[in-house]
Amino acid sequence: MKPGISKDTIRGHTATIVLNILNQGDSYGYAIAKTIKQLSHAAYVINEATLYTVFRRLEKNGDIGSYWGNETQGGRRKYYQITAQGRTTLQRSVEEWNFAKQVIDDLVLGRIDDNVSKD
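K.L.:
Where do I start with the sheet that holds strand 2 (residues 64–68) in this structure?
P.N.:
Sheet strands pair via backbone hydrogen bonds, and the direction of the pair is either parallel or antiparallel. The sheet built from 3 strands is open, its strands ordered 1-3-2 with antiparallel pairing. Two strands bound the open sheet, and with one partner strand each, they are strand 1 (27–28) and strand 2.

Next up, the structure:
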């Protein structure tokens, strides 16, 4: 049986995921959701309500901006783009993720040895 990933595990990182995708180019909601599914090899699917909540929070914080696209490829879409502040937020979030990942790996996979004090 293939292990799954809980929404609780991802929840604190959805903004970073969205910023990473937008750092690679402007995009709109459905395409971002599709990219998340592809990047996770279908192990994680973000629902629309969560995605649009992330968009509102990131836009309010100044990490992303939005604009309406033209109608040449179907219906009119709202596109999102990362701002300079968003790039800084992304960089900081990735650094925090890497640090947290190392600490969690140490805690979950680590073994107590003679070098660790048993206070």
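K.L.:
I would appreciate a short explanation of the side chain of Thr14 in the present structure.
P.N.:
Tracing the sequence through the fold places Thr14 in helix 2 (residues 14–23). A polar contact of 3.4 Å, which involves the side chain of Thr14, links it to the backbone oxygen of Arg11. Apart from residues lying up to four places away in sequence, Thr14 is in contact with Tyr44, Ile46, Thr50, Val54 and Arg57.

K.L.:
Sorry if this is basic, but what is going on with unusual backbone geometry here?
P.N.:
Outside of glycine, negative phi angles account for most residues, and trans bonds account for most peptide bonds. Phi is positive for His41, close to 55°, though the residue is something other than glycine. Along the chain, His41 falls in the loop between helix 3 (29–39) and helix 4 (48–61). Positioned with a positive phi, Ala42 is a non-glycine residue whose angle comes to about 65°. Of note, Ala42 is situated in the loop between helix 3 and helix 4.

K.L.:
Help me out: how do you make sense of the packing of aromatic side chains in this one?
P.N.:
Two aromatic rings, taken as a pair, are described by how far apart their centres are and by the angle between their planes. Summed over all chains, the structure comprises 4 aromatic pairs. Measuring from ring centre to ring centre gives 5.4 Å for Tyr28 and Tyr79, while their planes differ by 70°; the resulting arrangement is edge-to-face. Residue Tyr28 is found in strand 1, and its partner Tyr79 is found in strand 3 (residues 78–82); the two are separated by 51 residues along the sequence. Summarising the burial analysis for this pair, Tyr28 and Tyr79 share the class buried. When the ring of Tyr52 is compared with that of Phe55, the centres are 5.2 Å apart and the planes differ by 80°; the resulting orientation is edge-to-face. Here the residue Tyr52 and the residue Phe55 both occupy positions in helix 4, the gap between them amounting to 3 residues, near one helical turn. Here the aromatic residues Tyr28, Tyr67 and Tyr79 are joined through ring pairs into a cluster of three or more.

Calculation notes
- Residues numbered from 1 in each chain as written.
- Predicted model: local features only at pLDDT ≥ 70, side-chain atom pairs only at ≥ 80, totals over all residues.
- Heavy atoms only, no water.
- Pairing = 2+ DSSP bridges.
- Helix = DSSP H or I, 4+ residues; strand = E, 2+ residues; numbered from the N terminus.
- Polar contact = N/O pair within 3.5 Å; in protein donor to acceptor, adjacent residues only side chain to side chain.
- Contact = heavy atoms within 4.5 Å.
- Phe/Tyr/Trp six-rings, centres within 6.5 Å; stacked < 30°, edge-to-face > 60°.
- Buried < 20%, exposed > 50% of the residue type's maximum accessible area, 1.4 Å probe, protein only.

Honestly, it's all geometry; don't read function into it.
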